[in-house]
Amino acid sequence: MTRRRTAVPTTFRSATLGAAVTLVLGLALTGCAGEAGQGDRAERPARDGAAVTSALRSMAERAEQEAQFDKAAAHYGRLAERSDNPLPARLDQARLLRYAGQPQEAMLVLQRLLDDLPERSAEARAVKLELAKAQLAGGLVPDAAALLEDMRAQDPGDAPMQKLLGIAYDRLDRPQDARTAYQTALALAPDDVEAANNYALSLAMTGDIDQGIALLEKQAKRPGAPLQVRQNLALLYAMKGDVPRAERMVRRHLPADLAERAVADLRRLAGAEAAKREAD
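To keep things clear, this report deals only with the structure shown in the data block. (Residues numbered from 1 in each chain as written. Predicted model: local features only at pLDDT ≥ 70, side-chain atom pairs only at ≥ 80, totals over all residues. Heavy atoms only, no water.)

### Description of the overall build of the protein
Next, step 1: Within the protein, the secondary structure is distributed over 14 helices and zero strands.
Next, step 2: The buried share among the 280 residues of the protein stands at 40%.
Next, step 3: Of the accessible surface of the protein, which amounts to about 15,500 Å², a share of 54% is contributed by carbon and sulfur atoms. (Helix = DSSP H or I, 4+ residues; strand = E, 2+ residues; numbered from the N terminus. Buried < 20%, exposed > 50% of the residue type's maximum accessible area, 1.4 Å probe, protein only. Areas by Shrake-Rupley, 256 points an atom, 1.4 Å probe, with all protein chains shown as cover.)

### Comments concerning the environment of Ala-262
Next, step 1: Its place among the elements puts Ala-262 in helix α14 (residues 256–279).
Next, step 2: Owing to a relative accessible area of 18%, Ala-262 belongs among the buried residues under this scheme.
Next, step 3: Distance from Ala-262 to Leu-235, taken between C-alpha atoms, is 9.5 Å for residues 27 residues apart in sequence.
Next, step 4: Apart from residues lying up to four places away in sequence, Ala-262 is in contact with Val-250 and Leu-254. (Contact = heavy atoms within 4.5 Å.)

### So, the pattern of salt bridges
Next, step 1: Tallying each qualifying case throughout the model produces 15 salt bridges.
Next, step 2: Lys-163 is the partner of Asp-192 in a salt bridge, and the nearest nitrogen-oxygen pair spans 3.0 Å. In this pair, Asp-192 sits in the loop between α9 (175–188) and α10 (193–205) while Lys-163 sits in helix α8 (residues 159–171), placing the two residues 29 residues apart along the sequence.
Next, step 3: When its relative accessible area of 17% is taken as the criterion, Asp-192 is described as buried. (Salt bridge = Lys/Arg side-chain N within 4 Å of Asp/Glu carboxyl O.)

### Concerning the packing of helix α12 (residues 227–240) against helix α13 (residues 243–253)
Next, step 1: Here α12 crosses α13 at 160°, and the two axes come no closer than 7 Å. Comparing their axes, α13 and α12 come out roughly antiparallel. Considering how the two elements wind past one another, α12 and α13 form a crossing that is left-handed. Contact residues: α12 offers Leu-227, Arg-230, Leu-233, Ala-234, Tyr-237 and Ala-238, while α13 offers Val-243, Arg-245, Ala-246, Met-249, Val-250 and His-253. (Axes fitted to C-alpha atoms, helices over the stretch in contact; angles between N-to-C directions. Parallel < 35°, antiparallel > 145°, perpendicular 65-115°, else oblique. Left-handed = near helix turned anticlockwise from the far one by under 90°.)

### Some thoughts on the nonpolar core
Next, step 1: Residues Leu-110, Val-127, Leu-136, Leu-148, Leu-164, Leu-233 and Val-250 are the most contacted members of the largest nonpolar core, which totals 73 residues.
Next, step 2: Not counting residues within four places of it along the chain, the set of residues in contact with Leu-233 comprises Ile-213, Leu-216, Glu-217, Ala-220 and Met-249. (Core = buried A, V, L, I, M, F, W, Y, C linked by side-chain atoms within 4.5 Å.)

### Comments concerning unusual backbone geometry
Next, step 1: Even without glycine at this site, Ala-67 takes up a positive phi of about 60°.
Next, step 2: Tracing the chain through its elements places Ala-67 in the loop between α2 (38–65) and α3 (69–82).
Next, step 3: Positioned with a positive phi, Asp-173 is a non-glycine residue whose angle comes to about 60°.
Next, step 4: Inspection of the secondary structure puts Asp-173 in the loop between α8 and α9.

### Quick word on the packing of aromatic side chains
Next, step 1: Overall, the coordinates contain two aromatic pairs when judged by the stated rule.
Next, step 2: Measuring from ring centre to ring centre gives 5.4 Å for Phe-69 and Tyr-99, while their planes differ by 70°; the resulting arrangement is edge-to-face. One end of the pair, Phe-69, is in helix α3; the other, Tyr-99, is in helix α4 (residues 87–99), and 30 residues separate them in sequence.
Next, step 3: For Phe-69, a relative accessible area of 16% corresponds to the buried category.
Next, step 4: A residue is classified by how much of its surface remains accessible, and Tyr-99, at 26% relative accessible area, is partly exposed. (Phe/Tyr/Trp six-rings, centres within 6.5 Å; stacked < 30°, edge-to-face > 60°.)

### A closer look at the packing of α4 against helix α5 (residues 103–115)
What describes two packed helices is the angle between their axes and the distance between those same axes.
Next, step 1: Two elements in contact, α4 and α5, have axes separated by 7 Å at closest approach and are oriented at 160°. In terms of orientation, α4 and α5 fall into the roughly antiparallel class. As for the relative orientation of α4 and α5, their crossing is left-handed in sense. Residues Leu-87, Arg-90, Leu-91, Gln-93, Ala-94, Leu-97 and Arg-98 of α4 touch α5, and the partners they reach there are Pro-103, Glu-105, Ala-106, Val-109, Leu-110 and Leu-113.
Next, step 2: Along the lines of polarity and charge, the residues of the contact of α4 with α5 split into nine nonpolar, one polar and three charged. (Nonpolar A, V, L, I, M, F, W, Y, C, P; charged D, E, K, R; others polar.)

### Observations regarding the side chain of Lys-128
Next, step 1: By secondary structure assignment, the location of Lys-128 is in helix α6 (residues 122–137).
Next, step 2: Within the local environment of Lys-128, its side chain forms a polar contact with the side chain of Glu-119, the two groups lying 2.7 Å apart.
Next, step 3: Residue contacts for Lys-128: discarding those within four places in its chain leaves Leu-114, Glu-119, Leu-147, Asp-150, Met-151 and Gln-154. (Polar contact = N/O pair within 3.5 Å; in protein donor to acceptor, adjacent residues only side chain to side chain.)

### A short note on the side chain of Arg-125
Next, step 1: You can see Arg-125 is positioned in helix α6.
Next, step 2: At a separation of 3.1 Å, a polar atom in the side chain of Arg-125 contacts the main-chain carbonyl oxygen of Asp-155.
Next, step 3: The residues contacting Arg-125, other than those within four sequence positions of it, are Met-151, Arg-152, Gln-154, Asp-155, Asp-158 and Met-161.

### Re α13
Next, step 1: All of the buried residues along α13 are Val-243, Ala-246, Glu-247, Met-249 and Val-250. Summarising the axial view, the buried residues of α13 lie within an arc of 165°, below the 170-degree limit, and thus occupy one face.
Next, step 2: Of the residues that open α13, the one with a side-chain oxygen 3.3 Å from the backbone nitrogen of Arg-245 is Asp-242. (Arc of directions from axis to C-beta.)

Structure follows, in structure tokens:
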């Protein structure tokens, strides 16, 4: 859906944060201790509080860049606790819990958010979309589909919802419903490469490899097309039996060592597909 460096030791981070929090509390307690410099004392806790918030955000972003998703989620959780508007940080926390392989914990965070939001608000809709992703990651595919269908009934013109509904239907072995959802998503957001990529793979899974290839070829020609699109295009070439073309694409876009392993995988896949066609 990719996402090393030498990480700053966690103990140093914690010690620095603890000192900053202590400083904030100390200033808050002594801010009324005299008339002289009272205004300056009153401003300093706010400045130091903002510094702690900024430091937490930086640590969260750095941890995510280093794929330390559980740490990033914890930082965003602390950011939410400090914020007058915790929703954005809680959504980031839930997303990163999902990346960390903890979808159940993500669902708990999101359900608590929903309990405090108006049912049909834009904020609740954003939370529901993230909740559906956590449900899919946690294997609760029927629950995710039901939630997304309810969202569709309220607003069918939501492209991200339609895209996610296509994934849910694929997982439920409802290919025609998946196709309709992907087509709707692309009609609403024609430049959504992710929706096109997922639709192409969905088509290939139901035997429409040529249509899937045509869709990915179009996406691969876009400036800055993600590597994943080209890799999946090579995959579909191999599934069709055009291994030389698949190999050329892989070798063009991957380092030599990775390309060799990918080519071996593609050849195995092509052999398996050929055997399946003969059996049919």
